[in-house]
Amino acid sequence: MWYALKCHPGKEQEILESCRQEIDSRILCDAFLFTYDQMKRYEGSWHVEKKQMFPQYVFLETKDGRALLEHFKFSSVFPAAEVKRNLKEISSEEERFLQSLYNTGHHLPMSEGYIQDGQTHVTCGPLVGWERQIKKIDRHKRLAKLAFPGNDFVTMIPAGLEIKSKS
């Protein structure tokens, strides 16, 4: 099962490394951040930048949620009171959605597509087949917002999408 640990802005990498070092490998299967590619224009050209999909969240994978919570009672990573407030179990529906979107790894590269008669068509990249989940496209920022299942974690997630043409 996965948990999302909310942390202070800009501290995600530090918390991620602390969790990997301090939590016993029998309890913690993996600790990770979800990232995606986004295009940004500067110095006269477009550049691909890696962005955090869920800013302020570190994801923890465990087979024993109770043992993970117990570990945090004695952890220097987070005070126990903060963990109760900031640790959220990811629903199985949300977990399946993210696993199917990402396939392997935790990084979502750019996708490309076009818009025809008001319909989005993704031609290459990880968003192929996910057109129904795309709820908003910012063509200028080359960014799509996808509907996220469930509603107590987040409602929309960003993904890089370059629209090559619109008709």
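Cut-offs applied
Along each chain, numbering runs from 1 in the same order as the chain's sequence is written. In keeping with the predicted nature of the model, local features appear solely for residues at pLDDT of at least 70, side-chain atom pairs appear and are counted solely at 80 or more, and the whole-chain, interface and lining totals rest on all residues. For the side-chain quantities, the full set of heavy atoms in the structure was used; hydrogens and water were omitted. Note on aromatic pairs: the rings of Phe, Tyr and Trp (six-membered ring only in Trp) are paired at centre separations within 6.5 Å, and the planes decide the class, stacked below 30 degrees, edge-to-face beyond 60, tilted for the rest. Helix and strand assignments come from DSSP, with helices taken as H or I runs of at least 4 residues and strands as E runs of at least 2, each series counted from the N terminus. Burial classes: relative accessible area under 20% of the type maximum marks a residue as buried, over 50% as exposed, and values in between as partly exposed (1.4 Å probe, protein chains only). If DSSP finds at least two bridges between two strands, the strands pair. Helix axes use the C-alpha atoms of the stretch in contact, all axes being lines fitted to C-alpha atoms, and the angles between their N-to-C directions lie in the range 0 to 180 degrees. Contact between two residues is taken to exist if any of their heavy atoms lie within 4.5 Å; hydrogens are not considered.

1. Topic: the packing of aromatic side chains
- With the rule as written, the count across this model stands at 11 aromatic pairs.
- Aromatic side chains Phe34 and Phe59 sit 4.8 Å apart centroid to centroid with 75° between the ring planes, which places their arrangement in the edge-to-face category. Taken together, the residues span a long stretch of sequence, with Phe34 in the loop between β2 (28–32) and β3 (35–42) and Phe59 in strand β5 (residues 57–62) at a distance of 25 residues.
- For Phe34, a relative accessible area of 2% puts it in the buried group.

2. Remarks on the sheet that holds strand β1 (residues 2–6)
- Strands sit in the order β2-β5-β1-β6 across an open sheet of four strands; the sheet is antiparallel. Strands at the two margins of the open sheet, each flanked by one partner only, are β2 and β6 (87–89). In this sheet, neighbouring strand axes are inclined to one another by 25° on average, regardless of whether the strands run parallel or antiparallel.
- When β1 meets β5, the two strands line up antiparallel, connected through five bridges. For Leu5, the partnering residue across the bridge sits in β5 and is Val58.
- Where helix α2 (residues 65–73) meets the sheet, its contacts fall on β1, β5 and β6, and the angle it forms with β5 comes to roughly 125°.

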